[in-house]
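Structure at a glance
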Amino acid sequence: MNSAVIEKERAFRPDKQKHSVDRGRIEIDKVSIVFGSGPTANVAVQETSLEISPGEFVCILGPSGCGKSTLLNSVAGYVNPSSGQVRVDEKVILKPGPDRGMVFQQYSLFPWKTVHENIAFGPSIAGHSRKECTSIANTFLTMIGLAKMANKLPGELSGGMQQRVGIARALANYPSVLLMDEPFGALDAQTRLMMQESLLNIWSEFGTTVLFVTHDVDEAIFLADRILIMSASPGCVIADLSVKLERPRSGELATTPEFIDLKRQCLAYIRAESMKAFETEEAH
Ligand code: ADP
Ligand code: MG
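Presented here is an overview of the structure given in this document.

Rules used in this analysis
Per-chain numbering applies: the sequence of each chain, read as written, is numbered from 1 onward. The order in which chains are written sets their letters, starting at A; the order in which ligands are written sets their numbers, starting at 1. Residue-level local features of this predicted model are given only where pLDDT is at least 70; pairs of side-chain atoms are given and counted only at 80 or more, and the full residue set underlies all totals for whole chains, interfaces and linings. In computing side-chain properties, one takes all heavy atoms of the structure into account and sets aside hydrogens as well as water. The helix and strand labels rest on DSSP assignments: H or I over at least four residues marks a helix, E over at least two residues marks a strand, and numbering proceeds from the N terminus. For every residue, the accessible area (1.4 Å probe, protein chains only) is compared with the maximum for its type, and the residue is labelled buried under 20%, exposed over 50%, or partly exposed between those bounds. The contact rule is simple, with two residues in contact once any of their heavy atoms fall within 4.5 Å. Working definition of accessibility: Shrake-Rupley area with a 1.4 Å probe, residue cover restricted to the visible protein chains. Within this scheme the basic residues Lys and Arg register as positive and the acidic residues Asp and Glu register as negative, but His and the chain ends are omitted. In plain terms, the charge of a residue is placed at NZ if it is Lys, CZ if Arg, CG if Asp and CD if Glu. The criterion for a residue being near a molecule or strand is simple. One of its heavy atoms has to lie within 4 Å of it. Polar contact is the term for a pair of N or O atoms within 3.5 Å; when the atoms are in protein, one must be able to donate a hydrogen and the other to accept it, and sequence-neighboring residues count only if both atoms are side-chain atoms. Charged means Asp, Glu, Lys or Arg here, nonpolar means Ala, Val, Leu, Ile, Met, Phe, Trp, Tyr, Cys or Pro, and polar covers whatever is left, Gly included. A pair of strands is treated as paired once DSSP finds two or more bridges between them. For helices, the fitted axis covers only the stretch in contact; all axes are lines through C-alpha atoms, and the angles between them, taken along N-to-C directions, range from 0 to 180 degrees. Here the aromatic set is Phe, Tyr and Trp, taking the six-membered ring for Trp, and pairing holds for ring centres within 6.5 Å; pairs whose planes are under 30 degrees apart are stacked, those over 60 apart are edge-to-face, and all others are tilted. Definition used: whenever NZ (Lys) or CZ (Arg) falls within 6 Å of the ring centre and also within 35 degrees of the ring normal, the charge is taken to sit over that ring. Whenever a carboxyl oxygen of Asp or Glu lies within 4 Å of a side-chain nitrogen of Lys or Arg, that contact is scored as a salt bridge.

The secondary structure content of the protein chain amounts to 8 helices and 10 strands. With the C-alpha coordinates aligned to their principal axes, the bounding extent of the protein chain is approximately 60 × 45 × 35 Å. By residue count, 50% of the 284 residues in the protein chain fall in the buried class. The long-range share in the protein chain, meaning contacts at least 24 apart out of those at least 6 apart in sequence, stands at 70%. Accessible surface for the protein chain amounts to roughly 13,500 Å². Of this, 53% is attributable to carbon and sulfur atoms. A gap of 6 Å separates the mean positions of the 29 positive and 33 negative side-chain charges of the protein chain.

With respect to spatial proximity, the complete set of residues near ligand 1 consists of Phe35, Asn42, Ala44, Pro63, Ser64, Gly65, Cys66, Gly67, Lys68, Ser69 and Thr70. The separation between an oxygen atom of ligand 1 and a polar main-chain atom of Gly65 is 2.7 Å. Isolated, ligand 1 exposes 560 Å² of accessible area, and the fraction of that covered by the protein chains is 57%. Residue assignment for the shell around ligand 1 shows that the elements contributing at least two residues are strand 2 (42-52) and helix 2 (68-76). It is helix 2 that provides the largest number of residues to the shell around ligand 1, a total of 3 residues. Its residues assigned to classes, the shell around ligand 1 comprises 4 nonpolar, 6 polar and 1 charged.

A sheet is described by the order of its strands in space; here 6 strands give the open sequence 6-7-8-3-9-10, paired in mixed fashion. If you trace the sheet from one side to the other, it starts and ends with strand 6 (100-103) and strand 10 (237-242), each paired once. On average, each strand axis in the sheet is tilted by 15 degrees relative to the strand beside it, whichever way the strands run. Note: strand 3 (residues 57-61) against strand 9 (residues 226-230), 4 bridges, orientation parallel.

Moving on, we get to the packing of aromatic side chains. Applying the stated criterion to the full structure yields 9 aromatic pairs. Taken together, a centroid distance of 4.9 Å and an interplanar angle of 75 degrees make the contact between Phe110 and Phe121 edge-to-face. Of this pair, Phe110 sits in the loop between strand 6 and helix 3 (115-125) while Phe121 sits in helix 3, and the two are 11 residues apart along the sequence. The ring of Phe110 carries Arg169 above its face, with NZ or CZ at 5.2 Å from the centroid.

Let's shift gears to unusual backbone geometry. Of note, the amide linkage connecting Ser233 to Pro234 takes the cis form, showing an omega dihedral of -5 degrees. Among the secondary structure elements, Pro234 is positioned in the loop between strand 9 and strand 10. Between Arg247 and the following residue, Pro248, the backbone shows a cis peptide bond with an omega angle of -5 degrees. One can find Pro248 in the loop between strand 10 and helix 8 (257-283). Positioned with a positive phi, Lys30 is a non-glycine residue whose angle comes to about 50 degrees. Along the chain, Lys30 turns up in strand 1 (residues 26-35). In this model, Glu47 sits at a positive phi of 30 degrees, which is unusual for a non-glycine residue. Inspection of the secondary structure puts Glu47 in strand 2. Overall, the relative accessible area of 54% leaves Glu47 in the exposed class.

On to the environment of Pro98, then. Inspection of the secondary structure assignment puts Pro98 in the loop between strand 5 (91-92) and strand 6. The spacing of Pro98 and Pro175 is 77 residues in sequence and 6.1 Å in space, taken between C-alpha atoms. Apart from residues no more than four positions distant in its own chain, Pro98 is found in contact with Asn173 and Pro175.

What follows covers the pattern of salt bridges. For the structure on display, the rule yields 11 salt bridges. Residue Arg87 pairs with Asp29 through a salt bridge whose shortest N-O separation is 3.3 Å. In this pair, Arg87 sits in strand 4 (residues 83-88) while Asp29 sits in strand 1, placing the two residues 58 residues apart along the sequence. Classification of Asp29 as partly exposed rests on a relative accessible area of 27%. One salt bridge connects Glu56 with Arg226, and the closest N-O pair in it is separated by 3.1 Å. Here Glu56 is found in the loop between strand 2 and strand 3, whereas its partner Arg226 is found in strand 9, with 170 residues between them in sequence. Relative accessible area serves as the criterion here: at 12%, Arg226 is assigned to the buried category. A single salt-bridge network, built from bridges that share partners, covers Glu27, Asp29 and Arg87.

Put into structure tokens, the structure is as follows:
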């Protein structure tokens, strides 16, 4: 990445530095999340505790319906724990905030605003001057390689490009943590691989903590420093695997013995949990 772009981008950061080692700590402290009450109550997350260090890239992996999105949404502040606490940088999370950027599977860009306006929106709400907003948006557009698309509407872009804009829009608020809920789930396999590499490049420059939800084992291993595997519903973390594969990572990694061994471990957990979920559904 162009170092002048990075220098320029740093000028707007609250700490003026590469991501501060003191920002982006996530603490999930005995969190349970129950939807509904009485006999129809649904325990989506059950007494889950974990800590994520500043700058870590953590993937949450688990079968469909196990509570991954619910857990992520509790960090985003869209869902509040029924018991326990979520803290980001020691602040108890009860509602969404600009310190936590979110990227969803469906592109949540404003369709009537240009790509540039979409990225500049957060900084303008945060009170930056028009000139600063333009500069921040230009910097992030260059970072994601879409400077030429600045004046296009989201609908004129491919799915992969829209998702890159979504990432830039989230980062333009200088969040302490970036929360991603199956962000590449709707993309074709080839685009998905390119997006994963692109995300790792951005992350290595930006250094923000990333909490990334996926049900794709390969994606989790390729991206993460650490993989948290969730059990079938009611969800809790049943495994915490450290991914010690060298960075920077490229597509060839998937054929190495270390990758295959880790994949075998993950699949064994997932298979057992999916089986449990399937049997529970059958019994009902
Ligand atoms: P995942 O993301 O792992 O597929 P979710 O977190 O979306 O799983 O869902 C976990 C469980 O919580 C599911 O049983 C789902 O039906 C339930 N659930 C999620 N969101 C809500 C909600 N807003 N209201 C009621 N139930 C919900
Ligand atoms: Mg989900």
